[in-house]
Amino acid sequence: MKTIVKDSPTSKVNRILPFLEKNYDNNLESDYTEKIEELDKNFNYKSNSNHYWSEPEQSVLYGTPLYQQASPSQKIALNHLHWVGFYKVVADSEIELTFYNTITADCLLAANKDYAFIADMLNHETYQERKHIHSFAKINYQTIKALLGTKALINSGSDNSTSFEPKSFHVTDYLLNTANFIGGIWLKDKEQNYSQKLIELQDLNKSISSSTPANPTSPTPTSGFFNGYLGNTNTSLRKFFPFSWGSYPFLAANFYVVRYMANIVVKNNEFEIHKYCRKLQKAKDFIPAPTAISHYHFLDEAFHTTTSLYLARDFYKSLPKPSKFEKLMANLAVLQTQRENLNGLSGMIPNRFVSDSNAITFIMKLLQSPVFDMSLQEAIHWLEKCLCYEHEGFHFNLKVHNHLLANMQRFAEDIDYLWPVNREMRLMADAGSIKKALNNNIKAFKNFSRTIEKN
Ligand SMILES: [Fe+2]
Ligand SMILES: [Fe+2]
């Protein structure tokens, strides 16, 4: 492990630490997490079932021809399913974060005792994430059970098909080979450090997974923003991210680039629910519990977003210059984040930026569930209409995409070690095309039809 030279009074890090401390103090003084806990404790789906939880634009299938002819009660169900689908991904991401916050905090603390308060702050954020995860899981459970039935819940543990589907893993051979090659050099160089860290990481992994009833002995597979980094670390490239983020202060800071990207993806959707909540408050209307939870989560996450921003954008500048290996790993992490989370444009699920091919199973289940009660043939007919033909849903989500892209680019342009493909978020930018989305969807639909015919 590298040793950080103690900062001079004029160094940039000393200008940043007070901002981080202030942010931590503000977080400690707030009571948003407690408010979420209270709402979680009293949540009952029935008492919230007749109300929109967010604007209609935040509904599954919004802008599709099927949405246009859906009944008022179906529209409310689609609105609730958007909430639970979105927060399933948020909860999965936050489960992954409980792991990454901890290893990066340990790494920074080991490098410099002055960073003890940063480790405390990250610890506190992890505590808050656990409360958030609990509330999302409870609402998800009751809502899916009420809308799609118990069968959907049984399946959701194994294939995730009641949530927005997990993204497929896309890493080119080039990246895998590069990481294997570099990792090989690194392991030889840092064997002792790596082994100690490995034991700690495995213990941590076990302790997190042991809280999951579905799979008590092996690491929990999650499908959040840091997709699979926690559970599926057997894939060559992925297994190096935990080790690099947890072992090098520069890379620990780089982790917060990825975390900030996740923060603004959440904010992109949640800010709209926060505004919706304010609108209800002003009109003295009933505020559904999930709307209020989103509102308080938005406020809680504002502290986390500030932490990510300072650690990602400013903090690394005070550290010793990164090696070529560190720069490579940092860039691969950001590139992979784009590939896994921002490489598509959904026309069926607003605020989702991965291919709709992964949502086919979910949509088919939804269409055949009590919400629509369609036959298999009807469901296939509507799936094709929503998936393969241009409609308002694509145009609406493209606007949301472009807003998020601008925020991503504004953030990344300040990080000087990023390659142009990352600084300009080129993979995400390229994916912002309705034509490309439709071409991918048509291919996915053909594959899906072939599978159905075989069965
Ligand atoms: Fe959270
Ligand atoms: Fe957070």
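Presented here is an overview of the structure given in this document. (Residues numbered from 1 in each chain as written. Chains lettered and ligands numbered in written order. Predicted model: local features only at pLDDT ≥ 70, side-chain atom pairs only at ≥ 80, totals over all residues. Heavy atoms only, no water.)

### A word on the coordination of the iron ion (ligand 2)
Within the protein, the iron ion (ligand 2) binds to Glu 129 (OE), Glu 301 (OE), Glu 301 (OE) and His 304 (ND1); these donor distances fall in the range 2.0 to 2.4 Å. Every donor counted, the four donor atoms about the iron ion (ligand 2) form angles of 57 to 159 degrees at the centre, which fits irregular coordination. All donors of the iron ion (ligand 2) come from a single chain, and their spacing in sequence reads E-x171-E-x2-H. Separation of the iron ion (ligand 2) from the iron ion (ligand 1) amounts to 3.7 Å, with Glu 129 serving as a shared donor to the pair. With Glu 129 in helix H6 (residues 116-148) and Glu 301 in helix H12 (residues 289-314), the pair connects residues that are 172 residues apart, well separated along the chain. When sorted by exposure, Glu 129 lands in the same class as Glu 301, which is buried. (Donors = N, O, S within 2.8 Å, 3.2 Å for Na, K, Ca; no water. Tetrahedral: all angles 85-135°; square planar, octahedral: opposite > 155°, others 65-115°. Helix = DSSP H or I, 4+ residues; strand = E, 2+ residues; numbered from the N terminus. Buried < 20%, exposed > 50% of the residue type's maximum accessible area, 1.4 Å probe, protein only.)

### A word on the environment of Ser 357
Along the polypeptide, Ser 357 turns up in the loop between helix H13 (324-341) and helix H14 (360-368). Counting along the chain gives 85 residues from Ser 357 to Ile 442, while the straight-line C-alpha distance between them is 9.1 Å. When neighbours within four sequence positions are excluded, Ser 357 is seen to be in contact with Asn 441 and Ala 444. A polar contact of 2.7 Å, which involves the side chain of Ser 357, links it to the side chain of Ser 355. (Contact = heavy atoms within 4.5 Å. Polar contact = N/O pair within 3.5 Å; in protein donor to acceptor, adjacent residues only side chain to side chain.)

### Examining the coordination of the iron ion (ligand 1)
Donor atoms from the polypeptide that coordinate the iron ion (ligand 1) comprise Glu 94 (OE), Glu 94 (OE), Glu 129 (OE), His 132 (ND1), His 297 (NE2) and Glu 301 (OE), at 2.0 to 2.7 Å from the metal. One way to put it: the six donor atoms around the iron ion (ligand 1) meet at angles of 53 to 173 degrees, and that makes the site irregular. Read in sequence order, the donor residues coordinating the iron ion (ligand 1) give the pattern E-x34-E-x2-H-x164-H-x3-E.

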